[in-house]
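The chain contents come next:
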Amino acid sequence: MTAFNDEAVTGDALRRTLGVSRRRFLSTCTAATAAAIAAPVFGATPALAQDRAEAAGYDRGRSALVPPHKRGIILYTVRDAIGRDPLASDLPSGFREVFRQLSRFGYRQVEFAGYGQHANAPGGADLGTLEGAKLLRSWLDAYGLRAQGSHGFIPPSWPLTPSDLDTFKRFLEISNILGMEHMGTGADPTNTPYRADWDVAAEKWNTLGAIARREGIKLYTHNHDSAYDFLLDGGPLDAQGRPTRSSGIRKLEYFLKVTDRKSVYLELDVFWAHVAQYKFHTYTAHDGSQREDVFDPAALVVRNTSRFPLFHAKDGVVNPQSGLGYDMVPFGTGDIDYRRFFTRVGAKNYHNPMVEQDNAPSASVPGQSLEFARIGYDNLAALRARH
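Residues numbered from 1 in each chain as written. Predicted model: local features only at pLDDT ≥ 70, side-chain atom pairs only at ≥ 80, totals over all residues. Heavy atoms only, no water.

Per an unreviewed UniProt entry, the chain is named Sugar phosphate isomerase/epimerase family protein, and its organism is Streptomyces xiangluensis.

On to empty space enclosed by the protein. In this structure, the largest cavity occupies an estimated 40 Å³ of space. Contributing to the lining of the largest cavity are Thr77, Pro330, Phe331, Val355, Glu356, Gln357, Phe372, Ala373 and Gly376. Among the elements that make up the lining of the largest cavity, the one with the highest residue count is helix H12 (residues 368–382) (three residues). Partitioned by chemical class, the residues of the lining of the largest cavity number five nonpolar, three polar and one charged. (1 Å grid on protein atoms, 1.4 Å probe; cavity = no way out; pocket = protein on both sides within 12 Å on 5 of 7 lines; lining within 4 Å. Points joined across faces, edges and corners; volume = space filled by probe spheres on them. Helix = DSSP H or I, 4+ residues; strand = E, 2+ residues; numbered from the N terminus. Nonpolar A, V, L, I, M, F, W, Y, C, P; charged D, E, K, R; others polar.)

Across all of its chains, the model carries 15 salt bridges by this definition. Overlapping salt bridges bring together Asp269, Lys314, Glu356 and Asp358 as one network. (Salt bridge = Lys/Arg side-chain N within 4 Å of Asp/Glu carboxyl O.)

Okay, the environment of asparagine 319 next. The topology assignment puts asparagine 319 in strand E12 (residues 315–319). Contacts of asparagine 319, omitting those with residues within four sequence positions, involve Gly325, Tyr326 and Asp327. (Contact = heavy atoms within 4.5 Å.)

Right, let's talk about helix H9 (residues 270–279) for a bit. A large share of H9 lies buried, amounting to nine of its ten residues. Within the span of H9, buried status applies to Val270, Phe271, Trp272, Ala273, His274, Val275, Ala276, Gln277 and Tyr278. Contact partners of the buried residues in H9: strand E8 (264–269), helix H10 (297–303), strand E11 (310–313), E12, strand E13 (325–329) and helix H11 (338–345). Capping of H9 at its N-terminal end is provided by aspartate 269; its side-chain oxygen lies 3.1 Å from the backbone amide nitrogen of phenylalanine 271. (Buried < 20%, exposed > 50% of the residue type's maximum accessible area, 1.4 Å probe, protein only. Polar contact = N/O pair within 3.5 Å; in protein donor to acceptor, adjacent residues only side chain to side chain.)

Bringing helix H8 (residues 251–258) into the picture now. In an α-helix, one turn spans 3.6 residues, which is why side chains three or four residues apart end up on the same side. With six of its eight residues buried, H8 lies for the most part within the structure. For H8, the complete set of buried residues consists of Lys251, Leu252, Glu253, Tyr254, Phe255 and Leu256. Against the buried residues of H8 lie helix H7 (195–214), strand E5 (218–222), E8 and H10.

Glancing now at the packing of helix H6 (residues 162–178) against H7. Remark: H6 packs on H7, axes separated minimally by 10 Å, with the N-to-C direction vectors making an angle of 40 degrees. Between H6 and H7, the crossing angle belongs to the class labelled oblique. Taken as a pair, H6 and H7 cross one another with a handedness that is right-handed. Residues Leu165, Phe168, Lys169 and Leu172 of H6 form the contact with H7, whose participating residues are Leu208, Ile211 and Ala212. (Axes fitted to C-alpha atoms, helices over the stretch in contact; angles between N-to-C directions. Parallel < 35°, antiparallel > 145°, perpendicular 65-115°, else oblique. Left-handed = near helix turned anticlockwise from the far one by under 90°.)

As structure tokens, this is what we get:
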């Protein structure tokens, strides 16, 4: 693995804004690449043509901030298309046809958010089996896609029950069949603000991460805004004997300190990190004073580069009335400065940005999520460093 300097680096101050096992071997056994892929349904530039255009220097010498092979999407964004009945629609439906369409847009990576699809799609409803994973892998290979992560199974039990451990290992085996380097979850390690609970969570994740590491998988947690709130770790105790004040360290910053850097990783959702920047900027110190500390998502990544192999590239338009500071919109159409973010975090051949939009599916506009996926790819590909 590429080595990184995880020491803090100096950057512009961010103003407060609104805002090899048998299983692993399977991952290297790729199927034969399919023949040429037809023209896209939604009018996107064919991926190979786009790559050739980039190689020819159409961008006038400005380098892409996200290289072509790192442009990905989490399938949650197009979950309605995956779950669509192919017998009732002419739109892409089910994993195979959605993979075909995403490849036409130009994507080269996907992140799974479950293995279920419509029962009438090729392969049937549940592909979360070893055989189902082999079928998914054949389609990924056919359309030039790589599975880079998944929101898989994290055992709820601790200490681990035998059943949970077996299920966890089965999901790791599926991950290896699919050829992915990472497996994670869409939930926080714990939902409480107290240091003692985060210590327990760290113990659990260190154990799970070590198991995953033995199978060649990096285990990661994906988080929303609350995980970047301040940890309660001191001051007067409440009636239940719990701390009420903070040293100023944020929950996930603490989690990074107390987990094994070689076994436990994070996926930064850039949208929710900016929501946290808007919401959580003041804390009550141990001495009772009010202190301000504005969250800087890019700086957290720079200090811990190798711990953030994945991003959710999700955009928002500033809206103070929303309660979050932002309204979610298609990637590249909002106010989050992704050019600056990707420039600051660097390591563009290590990080894997996955376009995500939680509200992309629409019952009234069946093709919307795929159209937003196309817009997201085009805007991700258009990001260029300033010179």
